[in-house]
Amino acid sequence: QVQLVESGGGLVQPGGSLRLSCAASRSIFNSYTMGWYRRAPGKQRELVASLTTSDNTNYADSVKGRFTISRDNAKNSVYLQMNGLKPEDTAVYYCYAGPGPSVNYWGKGTLVTVSS
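Residues numbered from 1 in each chain as written. Predicted model: local features only at pLDDT ≥ 70, side-chain atom pairs only at ≥ 80, totals over all residues. Heavy atoms only, no water.

On a plain count of helices and strands, the protein comes out with one helix and eleven strands. Across the protein, helices and strands are ordered from the amino to the carboxyl terminus as β-β-β-α-β-β-β-β-β-β-β-β. For the protein, whose C-alpha radius of gyration is 13 Å, the value lies close to the compact-globule estimate of 13 Å for 116 residues. Referenced to the eigenvectors of the C-alpha coordinate spread, the extents of the protein come out at roughly 40 × 30 × 25 Å. The 116 residues of the protein split such that 42% are buried. In the protein, the share of contacts with a sequence separation of at least 24, taken over all contacts with a separation of at least 6, comes to 53%. Of the roughly 6,000 Å² of accessible surface on the protein, 45% is carried by carbon and sulfur atoms. Separation of charge centres in the protein, based on 12 positive and 7 negative side chains, amounts to 3 Å. (Helix = DSSP H or I, 4+ residues; strand = E, 2+ residues; numbered from the N terminus. Rg over C-alpha atoms; globule rule 2.2 N^0.38 Å. Buried < 20%, exposed > 50% of the residue type's maximum accessible area, 1.4 Å probe, protein only. Contact = heavy atoms within 4.5 Å. Areas by Shrake-Rupley, 256 points an atom, 1.4 Å probe, with all protein chains shown as cover. Lys, Arg positive; Asp, Glu negative; His and termini not counted. Charge placed at Lys NZ, Arg CZ, Asp CG, Glu CD.)

Here it is, written out as structure tokens:
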């Protein structure tokens, strides 16, 4: 049973924008912190952004000021707005849900490629 469904990845030029979406079941959406990890080629997995059920946010230093995480309660969805994209943002982005930064549920991942 698929619990998290992501969309929105793709190819974008440096300086461009993308928005990732992650739709969850209502029980997951109401119970857990949700956010995004990413894994770039040859690098370790990195926590990019998270959003608690109390609307507290956390961002990796590398994306602060460029990425914004938000939620839509009516759609049980979390979004990652990515602006000012850089080639080093190229990675597979995974939506997750869990208690704090721990992960109980993973999305399948969506590829973001930043290249000219």
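Scanning all chains against the criterion turns up one disulfide. One disulfide in the model links Cys-22 with Cys-95; its S-S distance is 2.0 Å. Because the torsion about its S-S bond is -80 degrees, the bridge between Cys-22 and Cys-95 counts as left-handed. Placement of the pair is Cys-22 in strand S3 (residues 18–24) and Cys-95 in strand S9 (residues 91–98), with a sequence separation of 73 residues. A single burial state applies to Cys-22 and to Cys-95, both of which are buried. (Disulfide = S-S within 2.5 Å.)

Moving on, we get to the pairing of strand S4 (residues 33–39). Across the seven residues of S4, six count as buried, placing the element largely inside the fold. Across seven bridges, the pairing between S4 and S9 is antiparallel. By the bridge assignment, Arg-39 is partnered in S9 with Val-92. Where S4 and strand S5 (residues 46–51) come together, five bridges link them in antiparallel fashion. Opposite Gly-35, over in S5, you have Ser-50 as the bridge partner. (Pairing = 2+ DSSP bridges.)

Moving on, we come to the nonpolar core. Side chains that are nonpolar tend, in soluble globular proteins, to be buried together. With 29 residues, the main nonpolar core has Met-34, Trp-36, Leu-80, Met-82 and Tyr-93 as its most contacted residues. Those elements that place two or more of their residues in this core are S3, helix H1 (26–31), S4, S5, strand S7 (67–72), strand S8 (77–82), S9 and strand S11 (110–114). Not counting residues within four places of it along the chain, the set of residues in contact with Met-82 comprises Gly-16, Ser-17, Leu-18, Leu-20, Arg-66, Phe-67, Tyr-93 and Val-112. (Core = buried A, V, L, I, M, F, W, Y, C linked by side-chain atoms within 4.5 Å.)

According to the stated counting rule, one finds four salt bridges in the structure shown. Note that Arg-38 and Asp-89 form a salt bridge whose closest N and O atoms lie 3.0 Å from each other. Separated by 51 residues along the polypeptide, Arg-38 in strand S4 and Asp-89 in the loop between S8 and S9 bring together distant segments of the chain. Summarising the burial analysis for this pair, Arg-38 and Asp-89 share the class buried. The salt bridge involving Lys-64 is made with Asp-61; its shortest N-O contact spans 3.1 Å. Residues joined by salt bridges that share partners form a network here, namely Arg-38, Glu-46, Arg-66 and Asp-89. (Salt bridge = Lys/Arg side-chain N within 4 Å of Asp/Glu carboxyl O.)

So, about the side chain of Thr-33. Of note, Thr-33 is situated in strand S4. Discounting chain neighbours no more than four positions away, the residues touching Thr-33 are Ser-50, Leu-51, Thr-52, Tyr-96, Ala-97, Gly-98 and Gly-100.

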